[in-house]
Amino acid sequence: MRVLVTGGCGFIGANLVPRLTAAGWQVRVLDNEIMGHRDHLGDFAGEFIAGDIRDPAALDVALDGVDVVVHLAADTRVIESIADPAFNFDVNVVGSFRLMEAMRARGIRRLVNASTGGAIIGDATPPVHEAMVPNPIAPYGATKLAVEGLCSAWSGSYGFSALSLRFANVYGPRSFHKGSVVAAFFRRIADGLPLIVHGDGEQVRDFVFVDDLCDGIMRGIDYERSGVLQLGSGVPVSVNALIAEMRSVVAPQVIEVEYLPARTGEIERTWCDVSRARAALGYAPDTSLASGLAQTWAWFQTRRAGN
Ligand SMILES: NC(=O)c1ccc[n+]([C@@H]2O[C@H](COP(=O)([O-])OP(=O)(O)OC[C@H]3O[C@@H](n4cnc5c(N)ncnc54)[C@H](O)[C@@H]3O)[C@@H](O)[C@H]2O)c1
């Protein structure tokens with residue numbers, strides 16, 4: 001069986017691809033390397049295609065002989081999506097539309113789509129779950145919601161099994177290029193700089209370790225049904241609690257923290273309820289924050305050493 005992973009050179013793709021290969025899949029990656037890079041895949045035994053999901057010619061080559069698509073390629077930068085919504089729309093919505101039309105033309109109907117929880121739901125009383133009415137507050141959340149809509153329609157109209165998995169805040173090895181809080185904090189710790197926290201640090205997030213998330217994606221591939229499922233840790237963690245865990249992980253190195261005024265528009269408390277994914281997929285995110293952070297820090301240190 002052959003799987004195409006779009007955006008496979010990015011943070012999540014670089015963690016998922018070796019697992020797919022180990023599970024016996026023939027893996028093909030399509031990535032334009034705007035954020036990820038083929039080097040992130042290390043000793044990759046599959047096929048790499050340098051190309052854009054918006055380019056029908058690249059899609060034609062990438063989809064040849066494929067049984068299932070894991071669609072990770074996206075413009076994932078939330079703040080930049082506010083400054084340039086047209087680019088975000090073009091990559092995320094037009095790109096996904098072209099991918100799904102190219103799949104339809106070839107009779108490929110199995111799709112696992114990377115979606116997002118917090119950015120789609122917006123400011124709501126946690127835990128966030130699949131039955132909530134979406135209210136995205138940034139263009140990125142709106143474009144991801146639009147793609148969920150395409151998945152639903154291509155299921156209803158063209159017989160796709162298109163599963164949208166709503167990821168929480170993912171952290172782990174191979175995230176050096178990410179703007180997410182764990183990656184940003186570890187970069188600053190590695191450089192001996194103080195951490196910058198906006199607000200009092202009591203804002204709450206759902207941090208899911210990338211191995212747990214990839215396990216959920218693998219289960220999603222086998223599920224072969226349509227719909228929406230939330231993948232997170234299900235555990236609320238404040239930024240101050242995160243920093244306390246990081247202190248243990250990087251000891252004896254000392255972490256300084258600078259608290260700045262809160263940013264307007266930032267969601268104060270969000271985490272997710274993963275009970276639907278547990279029931280549907282047998283999803284069981286069981287990596288402790290301490291263990292996940294230790295593995296992430298170990299990788300950041302090798303990255304710093306240039307390995
Ligand atoms: N990391 C998280 O915490 C998180 C949370 C929620 C949802 N997601 C979703 O998961 C998916 C993967 O995220 P990630 O963290 O690995 O991001 P990433 O930016 O590391 O990876 C995205 C990859 O897509 C590629 N890409 C971007 N535009 C492309 C295009 N037009 N054509 C081909 N390739 C293109 C990039 O080069 C990159 O390698 C995304 O869809 C993202 O929206 C991630």
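Analysis parameters
- Residues numbered from 1 in each chain as written.
- Predicted model: local features only at pLDDT ≥ 70, side-chain atom pairs only at ≥ 80, totals over all residues.
- Heavy atoms only, no water.
- Patch = residues over 30% accessible without salt bridge, like charges linked within 9 Å, V, L, I, M, F, W, Y side chains within 5 Å.
- Areas by Shrake-Rupley, 256 points an atom, 1.4 Å probe, with all protein chains shown as cover.
- Salt bridge = Lys/Arg side-chain N within 4 Å of Asp/Glu carboxyl O.
- Helix = DSSP H or I, 4+ residues; strand = E, 2+ residues; numbered from the N terminus.
- Domains from an automatic or database assignment.
- Contact = heavy atoms within 4.5 Å.
- Buried area = accessible area lost by both parts, 1.4 Å probe.
- Polar contact = N/O pair within 3.5 Å; in protein donor to acceptor, adjacent residues only side chain to side chain.
- Nonpolar A, V, L, I, M, F, W, Y, C, P; charged D, E, K, R; others polar.

Once that is clear, we can look at a nonpolar patch on the surface. Together, Val78, Ile79 and Ile82 make up an exposed nonpolar region whose accessible area comes to about 290 Å². Mapped onto the elements of the fold, Val78 is located in helix α3 (residues 78-83).

Parsing the protein into structural domains produces domain 1 (2-170 + 207-231) and domain 2 (171-206 + 235-270 + 286-304). A separation of 25 Å is found between the C-alpha centroids of domain 1 and domain 2. Counting residues at the interface gives 23 residues for domain 1 and 24 residues for domain 2. Taking both partners together, domain 1 and domain 2 bury about 1900 Å²; carbon and sulfur atoms supply 60% of that area. Three residues stand out in domain 1 for area buried against domain 2, namely Phe11, Phe207 and Phe209, and they jointly supply 44% of the buried area on that side. The interface formed by domain 1 and domain 2 contains zero salt bridges. Here domain 1 and domain 2 share eight residue pairs in polar contact (both at pLDDT 80 or more) between them. Of all the secondary structure elements, the ones that give two or more residues to the side of domain 1 that touches domain 2 are α1 (11-22), β7 (169-171), β9 (204-209) and α8 (210-223). For the side of domain 1 that touches domain 2, the per-class residue count stands at 13 nonpolar, seven polar and three charged.

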